[in-house]
Every structure is written in C-alpha cells, then in structure tokens.
Amino acid sequence: MQIEKAIRMAVELGASEAEAFLLKTTETSLTLASDVEASKSIKLTSFGIRVAVGKSTAIVGTQDLSDSGVESAVRSAVSVARVSPPDPRWVKMNEKISVRDVGETLDNATAEATPEDLLPIARELLDSVREGCMEAKPVRGFLTSTAMEATYANTYGGPVIRRETVAFLYVDVRVDEGGEVGTYSDYSIARGYRGLEA
C-alpha cells in the first residue's frame, strides 16, 4: 500500500490529519575481537503512521507491509487517537513539505557495501591496535555500513524522499602491561565507510 493511500484511508476513518513514512534500511556489519568474527547483512522496511483526531494523536508502526498489515496499522492509529486524551499543546502537522539540499548525505559505495568491502578497514583497525602497543588486544568491536531511504507524506503534501548513509567503527581494547590491566575504547563515524579512521 502506498503511503498516500494510507493517509487517505486514515482521513476516511475519521482522522483530521495524518502523516506516514516508509523507512527502508540496509545494514552490513562485521563483528570484531582479536580478528573478524562474524558478518551480517540485514534489510528492514518499516511503515509508520501518526494521526490526529482533533487534538488527540496516536502513532503506530509495523513491518508487515502487506495491504492488510498497513490497513491494520492505520485502523489502530485512528482507534487509539479516538480514545486518547487531547494534547493541549497540539497545533497541527506541517502544512508545507519541501525538499532542501542539505549537502552530501548519500555515499553510493557505502549504500552498496558488502562484508568483503568492509574487511580491509576492519583488518587495518585490528593491525593498528597491535602496532600501537604490543600488549594491546582488541576484545570487542564492530564496523557497520548503513543505508536508509525514508519516504514521507502527510495530509498536506508529499511524498518526499531522503536517502542517506552512515558508517560506524567501534573498538574496545585491553592492555595487560606490568601486571596492570587497562582498557580503552575508540570510534569513528562518517557518511561513507572509506572515510572511517581506523
């Protein structure tokens, strides 16, 4: 079911306003310790709807994207809003929806990254830990490459689409030296996995 259709359905069921989003997420990750221990790739798609019945609102989400699953979410949102107390601070949903250039939010290589693409960065990180201190041992970490596409619309307009990527690198290190044990952590975040600092 398209999000515009879900919004129309919410209004037909009694919502004074509605907004909906469809979020598609693809994530590739490597789990690290003394070496790369595991890789994982997941794809998720979620639908969410927020409705207002007067000043009473409700939000419902689902990962069941069948027509019946989305319809059930819309019906639930309207039903919950009808029995919810009014929010005295509620004004209304945005009447203007626009698209603005916010700079580079999408890195195509990161959006399409495979575990094999991430492996050299993970190995570089693990090697740099060992080279920095012979007694240092990576004990836990991960390297993640995520791509998101969000489609949004409401009663007043849309849909608009935003695509973005983010890469994240994290490591916990243990150092055993002279009978003393120390730990430290480090991380790096970038729009693209090639921009991570190992």
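Check the entry above for the structure.
Since the structure is predicted, the reported quantities are computational estimates derived from the model, not experimental observations.

Colleague: Go over the pairing of strand β1 (residues 17-32) with me, naming the residues and quoting the values.
Modeller: Both faces of the sheet carry side chains from a regular strand, because those side chains alternate between them. Taken together, the 16 bridges between β1 and strand β2 (residues 36-53) define a ladder with antiparallel strand orientation. Considered in β2, the bridge of T31 is made with A38. Counted along the chain from β1 to the antiparallel partner β2, the turn is three residues long. Sheet topology note: the β1/strand β4 (residues 136-154) ladder contains 14 bridges and is antiparallel.

Colleague: Which residues make up the pattern of salt bridges, and what are the values?
Modeller: Throughout the structure, instances matching the rule amount to 10 salt bridges. In this structure, the salt-bridge partner of E19 is R50, at a minimum N-O distance of 2.6 Å. Separated by 31 residues along the polypeptide, E19 in strand β1 and R50 in strand β2 bring together distant segments of the chain. Through salt bridges with shared partners, a single ionic network connects K24, E149 and R163.

Colleague: Please provide a residue-by-residue account of the side chain of T165, values included.
Modeller: For T165, the location among the structural elements is in strand β5 (residues 157-177). For T165, a relative accessible area of 0% corresponds to the buried category. Looking at T165, its side chain comes within polar contact range of the main-chain nitrogen of D107, at 3.0 Å. Of note is the side chain of T165, whose polar atom sits 2.8 Å from the backbone oxygen of R191.

Colleague: Tell me about the nonpolar core, and name the residues and values.
Modeller: The biggest cluster of nonpolar side chains holds 20 residues, and the ones touching the most others in it are A10, A18, A20, F47, I49, V51 and V74. Contributions of two or more residues to this core are made by α1 (3-12), β1, β2, β3 (56-62) and α2 (67-83). Here the element with the most residues in this core is α2; it accounts for six residues. Setting aside residues no more than four positions away along its own chain, V51 makes contact with A10, A15, E17, A18, S56, T57, A58, A77, V78, A81 and M93. Counting 18 residues, the second-largest nonpolar core is a separate cluster that includes L32, A167, V175 and L196.

Colleague: So what's going on with unusual backbone geometry? Which residues, and what values?
Modeller: Cis rather than trans, the peptide bond between G158 and P159 has omega equal to 5 degrees. Inspection of the secondary structure puts P159 in strand β5.

So, how was this worked out
Residues numbered from 1 in each chain as written. Predicted model: local features only at pLDDT ≥ 70, side-chain atom pairs only at ≥ 80, totals over all residues. Heavy atoms only, no water. Pairing = 2+ DSSP bridges. Helix = DSSP H or I, 4+ residues; strand = E, 2+ residues; numbered from the N terminus. Salt bridge = Lys/Arg side-chain N within 4 Å of Asp/Glu carboxyl O. Buried < 20%, exposed > 50% of the residue type's maximum accessible area, 1.4 Å probe, protein only. Polar contact = N/O pair within 3.5 Å; in protein donor to acceptor, adjacent residues only side chain to side chain. Core = buried A, V, L, I, M, F, W, Y, C linked by side-chain atoms within 4.5 Å. Contact = heavy atoms within 4.5 Å.

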